[in-house]
Amino acid sequence: MNKLIQSLLLLSVAYLFGCSTDKGTGEAITNKGKIGYSAMSLKNPFFVVISQSLTTAAQSEGYEVITMDADSDVKRQANQIENFISQGVAAIVLNPTDRLAIGPAIKQANEAGIPVFTCDLQCVADGIEIAGHIGTDNFQGGELAGQAMIETLGNEGGEILVLDFKQANSCVLRVQGFKQVIASHNEGREAGQITIVSEINGGGDESIGYRATVDSLQAHPNLRGIFAINDPSALGAWAATDEAQKAELIAIVGFDGALAGKQAIAQGKIYADPIQFPKKMGQVIMEKFVAFQAGEEYKQIELIPTSLYRQADAKSDPDLQLDQ
Amino acid sequence: MIDETDGLTEKTPAETGLTAEAPAETGLTAEVPAETGLTAEVPAETGLTAEAPIKKWSLKKQIVDHGMLLVLLLLCAAISALTVTDIHPEDPAAGRQLAKLALQEYGTQPNVLIVVRDTEADRAFAQAINDELIAGGGNVVGIASGTPRSAILQLTQTLAAGENVDVIATHHFASQWEVLSASRRAQVSDKPIKVISPPSYRWPSFLTKNNLLSILNQNAPIAIMAIGMTLVIITAGIDLSVGSLMALAAVVTAVSLRDYLGGVDANGGSVALAFGIGMLVCAVVGAVAGLLITVFKIPPFVATLGLMMVARGACYILAGGADAVKIDVPAISTLYDASVLGVSSQIILMVILFITAHVVMTHTPFGRYVYAVGGNVSAARLSGVPVMAVLITVYIVCGLCAGVAGVLDASHFLTGRPKAGEFYELQVIAAVVVGGTSLMGGEGKILGTLIGALILGVIQNGLNMAGVDSYRQMVIYGALILVAVVVDQLKKKVINPGVVSD
């Protein structure tokens, strides 16, 4: 029996070794140290892209990136940060899982003298030091979404629905930007006003977005447009309009520009997306870290503006060509 | 003492066939065998002391009894072997050693610039270098404490002021800064400047005091919740609501402080009261679970599944969304931040709770009742065990343990997080099962649960330390849980051949 325990352990140890030799490929060039990256959720392709671009950018600077999945759990992320500190990493990069609650963990890294870079969400806790932040300019993205909506509805205007997600601050900003553009469009206009008849929770999720849209179509049969704060809820909205045989009549504007969203734009399901640039985020974080190490001055907080992605862009998008 | 509970549980399956499978079938209580079952059970209460001295010490028995402890130690050894790496000391002792090195290698009067980060530990390190250098006749031209930028600024300023810098004394971390690279040094000074840092040594990064303490600290909430869960599982029940209850305690603490106990102006007493309210709410939910299970005869799985969702929903409602509720009271962090000799309050609390639970389960009638209810509920009832009270108490205790974890969480993150403890129920149950408690009930040890929780914690930490990526971690983590349980089953086969066959 004892032998059995031993052999099982040996087996697991052998497997561990198997894993550690895997990353040996990068180690030939890297020896400057390690960077710990705690991702919001590796189930979301957005953060996988950040992880990949960060890893590539770090490798060319001689650093190895350890990516950990926080799985949207603050406690898990705090543990990961603590482990990064124990491992003596050169820097910690994270997508805060909560704007407030991750504060004490960042403080711990501050006390250990390890620079912390945040990406995507910005931490708002008091008394912490962030060496650099990179995120999307969500307000500007919302403005672009508003412009896209005006563009597609033309001068006729009409009733529109907003699928929001108030739990996430980024999504609140998107709706604010959107509303501002719509309001200035309506100003001094007699005919062709664009009216937001309903603003409900789309959950940032396909099934919740679907249900919310089904209900709204009952309440507002004359809907002409829908703005959904991300691609999954936009796709849910499309499924509902399609089911009600109104897909041709209702224009949908999404947000993000993840692969599924881009594909939907190519197929004409979604009119347009303000797209984010996760690839750029990983690179910019690394640039900031290098500038930090070199003692240069750099922009500590940087928001990358989104750009509008329509069907024409999808036609010439190399990412989509590869897929077909 | 640990053997005593075994003595009880090993007997139960041996009594009759009905004991192992039929705790819910009340029809059996009327039968005569139950009466004999009762007589077999009662001596277990009194016969505990009578049986112990007869047992002989045997190696096989030791291995079987402490198998999980052995697994834990072997795991630690394996992970230590895997995480051997260069350790770069940064403590004052290393600072003194570095200063001596500088004096030896660069003459008696080297001009030294000390470069460190702006942290407490680093300042102590810099101070040690400084004192030792001055004592040995060296010349400290300055201490740059801060970022790479402040280091390079101070270096250029020092040089511009006409002072010589022969050596930069720093630690490994800062020696990797681009500003201290050879090319940058050549840019700012014509004369060569050396960068020195304390020599490194090889040692497992797993096996450092900080890391071991951090494993205990990180897993304390799960381990504390696992105490209550162990009792529940020994009664052949399950409690899926613990993760939600943990969040509920944290959110209730945060909201009651914000809205009812004075907000920003709340004092330590109010904070303690808020903690109490948070835990009380959890105890109440635990009592509701116990009532649903005993009075309404709802299976524990279903009853606690419902409460899990009710409690989670309540968290979101109270918090007004998924964002954490901020606690502005400074006193809130006292509980989590307190420590004795570098050991955090969380660990101390965990140890105290485990010792208490161990004593209760092995030395009190209540403990024996819990085993009796789990072993054979009918026999327990007939022998006068207050089954209903025992079950309700057990779920209250489980809720309370989740409440303790919840207030610790609030104190740690300075917020009430409605999303706290998601899926923790599974980790907690895993800790209990890996610790050797049978999901069939009637069997299990509190200290086994502690070891179970530590095994899971060590695996997770070891995988992180060895740099295994998240996806693989899930596979290994799951597989090791299975291995642990299989080993446990085999162990029973060894000590009790023939019994496990069902």
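Note that residues are indexed from 1 along each chain, following the sequence as it is written. Key to labels: chains lettered from A, ligands numbered from 1, both in the order written. Reporting in this predicted model follows two pLDDT cut-offs: at least 70 for local features of residues, and 80 or more for side-chain atom pairs to be given and counted; totals over whole chains, interfaces and linings ignore these cut-offs and use all residues. Side-chain metrics rest on all non-hydrogen atoms present in the structure, leaving aside hydrogens and water.

1. Points about the overall build of chain A
Thinking step 1. When helices and strands are tallied, chain A shows 13 helices and 12 strands.
Thinking step 2. Each residue gets one of three labels from its accessible area relative to the maximum for its type: buried under 20%, exposed over 50%, partly exposed in between, using a 1.4 Å probe on protein chains only. Evaluated residue by residue, chain A yields a buried proportion of 54% over its 324 residues.
Thinking step 3. For chain A, the share of sequence-separated contacts (at least 6 apart) that also reach a separation of at least 24 residues comes to 72%.
Thinking step 4. Put simply, chain A shows about 13,700 Å² of open surface, and 51% of that area lies on carbon and sulfur atoms. Strands here mean DSSP runs of E at least two residues long; helices mean DSSP runs of H or I at least four residues long; both are numbered from the N terminus. Contacts are residue-level and defined by heavy atoms, with any inter-residue pair within 4.5 Å sufficient. We get accessible surface area from the Shrake-Rupley algorithm with a probe of 1.4 Å; when it comes to residues, only the shown protein chains can shield them.

2. Describing the packing of aromatic side chains
Residues and elements named next belong to chain A.
Thinking step 1. Only centres within 6.5 Å qualify two rings of Phe, Tyr or Trp (six-membered ring in Trp) as a pair; their planes then separate them into stacked at under 30 degrees, edge-to-face at over 60, and tilted for everything else. By the definition in use, this model includes five aromatic pairs over all chains.
Thinking step 2. Judged by centre distance (5.1 Å) and plane angle (75°), the rings of Tyr63 and Phe289 are edge-to-face. Linking Tyr63 in strand β2 (residues 63–69) with Phe289 in helix α11 (residues 278–293), this pair joins segments that are 226 residues apart in sequence. With respect to class, Tyr63 is no different from Phe289; both count as buried.
Thinking step 3. By the criterion adopted, a ring carries a charge over it if an Arg CZ or a Lys NZ lies within 6 Å of its centre and within 35 degrees of its normal. Directly above the aromatic system of Phe255 lies the positively charged group of Arg174, at a separation of 4.0 Å from the ring centroid.

3. What to know about the state of the cysteines
By definition, a disulfide links the sulfur atoms of two cysteines through a covalent bond.
All names here are of chain B.
Thinking step 1. In this description, a disulfide is simply a cysteine sulfur pair whose atoms lie within 2.5 Å. Under the counting rule described, the total for this entry stands at zero disulfides over all chains.
Thinking step 2. For the unlinked cysteine Cys315, the closest cysteine sulfur is that of Cys282, found at 8.6 Å.
Thinking step 3. In this structure Cys398 is not part of a disulfide, and its nearest cysteine sulfur, from Cys401, lies 6.5 Å away.

4. Description of helix α3 (residues 45–60) of chain A
All names here are of chain A.
Thinking step 1. By this rule, a helix spans an expected 1.5 Å times one less than how many residues it contains. If you check α3, its first and last C-alpha atoms are 23 Å apart, about what 16 residues at 1.5 Å a residue would give, namely 22 Å.
Thinking step 2. Of the positions making up α3, those classed as buried are Phe46, Phe47, Ile50, Ser51, Ser53, Leu54, Ala57 and Ala58.
Thinking step 3. As for α3, its buried residues are in contact with β1 (33–39), β2, β3 (91–94), β4 (116–119) and α11.
Thinking step 4. Looking one or two residues beyond α3, the residue adopting positive phi is Gly62, at roughly 90°.

5. What to know about a nonpolar patch on the surface
Thinking step 1. A contiguous nonpolar surface patch, about 360 Å² in accessible area, is contributed by B:Tyr201, B:Trp203, B:Leu207 and B:Leu212.
Thinking step 2. For B:Trp203, the position within the fold is in strand β6 (residues 201–204). Each patch is built from salt-bridge-free residues with over 30% relative accessible area, joining like charges within 9 Å and nonpolar side chains (Val, Leu, Ile, Met, Phe, Trp, Tyr) within 5 Å. By convention in these notes, a salt bridge is any Lys or Arg side-chain nitrogen within 4 Å of a carboxyl oxygen on Asp or Glu.

6. Description of the pattern of salt bridges
Residues and elements named next belong to chain B.
Thinking step 1. Under the definition given, this model contains 18 salt bridges over all chains.
Thinking step 2. Among the ionic pairs, Asp259 bridges to Arg258, the shortest N-O distance being 2.9 Å.
Thinking step 3. Residue classification places Asp259 among the partly exposed residues on the basis of a relative accessible area of 41%.
Thinking step 4. For Asp328, the salt bridge is made with Lys326, and the minimal N-O distance between the two is 3.9 Å.
Thinking step 5. When its relative accessible area of 43% is taken as the criterion, Asp328 is described as partly exposed.

7. Considerations on the confidence of the model for chain B
Thinking step 1. Confidence scores labelled pLDDT are given residue by residue by the predictor and lie between 0 and 100. When pLDDT is averaged along chain B, the result is 83, and 85% of the positions lie at 70 or above.
Thinking step 2. Taken together, the stretch residues 1–53 of chain B has pLDDT below 50 and engages in 61 contacts with residues farther than four places along the chain or on a different chain.

8. Quick word on the side chain of B:Thr83
All names here are of chain B.
Thinking step 1. Topologically, Thr83 is positioned in the loop between α6 (67–82) and β1 (84–87).
Thinking step 2. A residue is classified by how much of its surface remains accessible, and Thr83, at 4% relative accessible area, is buried.
Thinking step 3. For this analysis, a polar contact is any N or O atom pair within 3.5 Å, provided that within protein one partner can donate a hydrogen and the other can accept it, and provided that sequence-adjacent residues contribute only side-chain to side-chain pairs. A polar contact is formed between the side chain of Thr83 and the backbone nitrogen of Phe206, at a distance of 3.3 Å.
Thinking step 4. Sequence-distant contacts of Thr83, that is, excluding residues within four places in its chain, are made with Trp203, Pro204, Ser205, Phe206, Met465 and Ala466.

9. Focus on the sheet that holds strand β5 (residues 132–136) of chain A
Residues and elements named next belong to chain A.
Thinking step 1. We call two strands paired when DSSP finds no fewer than two bridges between them. Reading across the sheet, the six strands line up as β2-β1-β3-β4-β5-β11 and stay open at both edges, with parallel pairing between neighbours. Sheet topology places β2 and β11 (301–304) at the edges, where each strand pairs with a single neighbour. Mean inter-strand twist for the sheet, computed between neighbouring axes without regard to direction, equals 15°.
Thinking step 2. For β4 and β5, the ladder comprises three bridges, and the chain directions are parallel. In the sheet register, Thr118 faces β5, and the bridge partner there is His133. An axis is simply a line fitted to the C-alpha atoms; with a helix, the fit covers only the stretch in contact. Between two such axes, the angle follows the N-to-C directions and lies from 0 to 180 degrees.

10. A short note on the sheet that holds strand β8 (residues 223–228) of chain A
Residues and elements named next belong to chain A.
Thinking step 1. Reading across from one edge, β7-β6-β8-β9 is the order of the four strands in this open sheet, with parallel pairing throughout. Each edge of the open sheet is held by one strand with a lone partner, namely β7 (194–201) and β9 (251–253). Recorded for the sheet is a direction-independent mean angle of 20° between the axes of neighbouring strands.
Thinking step 2. In this structure, strand β6 (residues 158–164) lies alongside β7, joined through seven bridges in parallel fashion. If you follow Leu161 over to β7, its bridge partner there is Ser198.
Thinking step 3. The sheet contacts of helix α8 (residues 206–219) involve β6, β7 and β8, and relative to β6 the element is tilted by about 150°.

11. Remarks on the nonpolar core
Thinking step 1. Among the nonpolar cores identified, the biggest contains 103 residues, and B:Met225, B:Leu257, B:Val373, B:Ile455 and B:Val458 are the most heavily contacted of them.
Thinking step 2. No other element matches helix α12 (residues 209–234) of chain B, which puts 14 residues into this core.
Thinking step 3. Sequence-distant contacts of B:Leu257, that is, excluding residues within four places in its chain, are made with B:Gly262, B:Gly263, B:Ala266, B:Ser270, B:Val271, B:Ala274, B:Ile327, B:Val329 and B:Ile332.
Thinking step 4. In this description, a nonpolar core means a group of buried Ala, Val, Leu, Ile, Met, Phe, Trp, Tyr and Cys residues linked to one another through side-chain atoms lying within 4.5 Å. Ranked by size, the runner-up nonpolar core spans 38 residues in total, among them A:Val89, A:Ala105, A:Ile114 and B:Leu159.

12. Remarks on the side chain of B:Gln346
Thinking step 1. By the element assignment, B:Gln346 lies in helix α17 (residues 345–363).
Thinking step 2. Here B:Gln346 is in contact with B:Asn217, B:Ala220, B:Pro221, B:Tyr336 and B:Leu408, once residues within four sequence places are set aside.

13. With respect to the confidence of the model for chain A
Residue and element names in this part refer to chain A.
Thinking step 1. Averaged over all residues, the pLDDT of chain A is 86; the fraction at 70 or higher stands at 90%.
Thinking step 2. Here residues 1–5 scores under 50 on pLDDT; set against residues more than four positions off or in separate chains, the count is nine contacts.
Thinking step 3. Scored below 50 in pLDDT, residues 7–11 shows four contacts in the model against residues more than four places distant or in partner chains.

14. Considerations on the pairing of β2(A)
Residue and element names in this part refer to chain A.
Thinking step 1. Within β2, seven of the seven residues are buried, which leaves it mostly tucked inside the rest of the structure.
Thinking step 2. Taking every second residue as pointing to the same face, both faces of β2 are buried, with Tyr63, Val65, Thr67 and Asp69 on one and Glu64, Ile66 and Met68 on the other.
Thinking step 3. Of the pairings in the sheet, the one linking β1 to β2 comprises seven bridges and is parallel in character. Within β2, the residue paired with Gly33 across the bridge is Tyr63.
Thinking step 4. Note on the crossover from β1 through α3 to β2: the handedness is right-handed. A crossover counts as right-handed when, viewed with the strands pointing away from the observer, the path leading from the first strand over the helix to the second turns clockwise.

15. Examining the interface of chain A and chain B
Thinking step 1. Taken residue by residue, the interface counts 54 residues in chain A and 55 residues in chain B.
Thinking step 2. Across the chain A/chain B interface, buried area totals approximately 4,800 Å², and carbon plus sulfur atoms make up 60% of it.
Thinking step 3. Taken together, chain A and chain B are joined by four salt bridges.
Thinking step 4. A salt bridge links B:Asp323 to A:Arg99; its shortest N-O distance comes to 3.9 Å.
Thinking step 5. One can count 16 residue pairs in polar contact (both at pLDDT 80 or more) joining chain A with chain B.
Thinking step 6. Elements with a contribution of two residues or more to the side of chain A that touches chain B: α1 (2–22), β2, α4 (74–87), α5 (103–111) and α11 of chain A. Accessible area that two parts lose when put together, with a 1.4 Å probe and added across both, is what the buried area reports.

16. Structural notes on the environment of B:Gly320
Residue and element names in this part refer to chain B.
Thinking step 1. Residue placement: Gly320 occurs in the loop between α15 (300–319) and β7 (325–326).
Thinking step 2. A relative accessible area of 66% places Gly320 in the exposed class.
Thinking step 3. Expressed as a C-alpha distance, the spacing of Gly320 and Pro418, which sit 98 residues apart in the sequence, is 9.3 Å.

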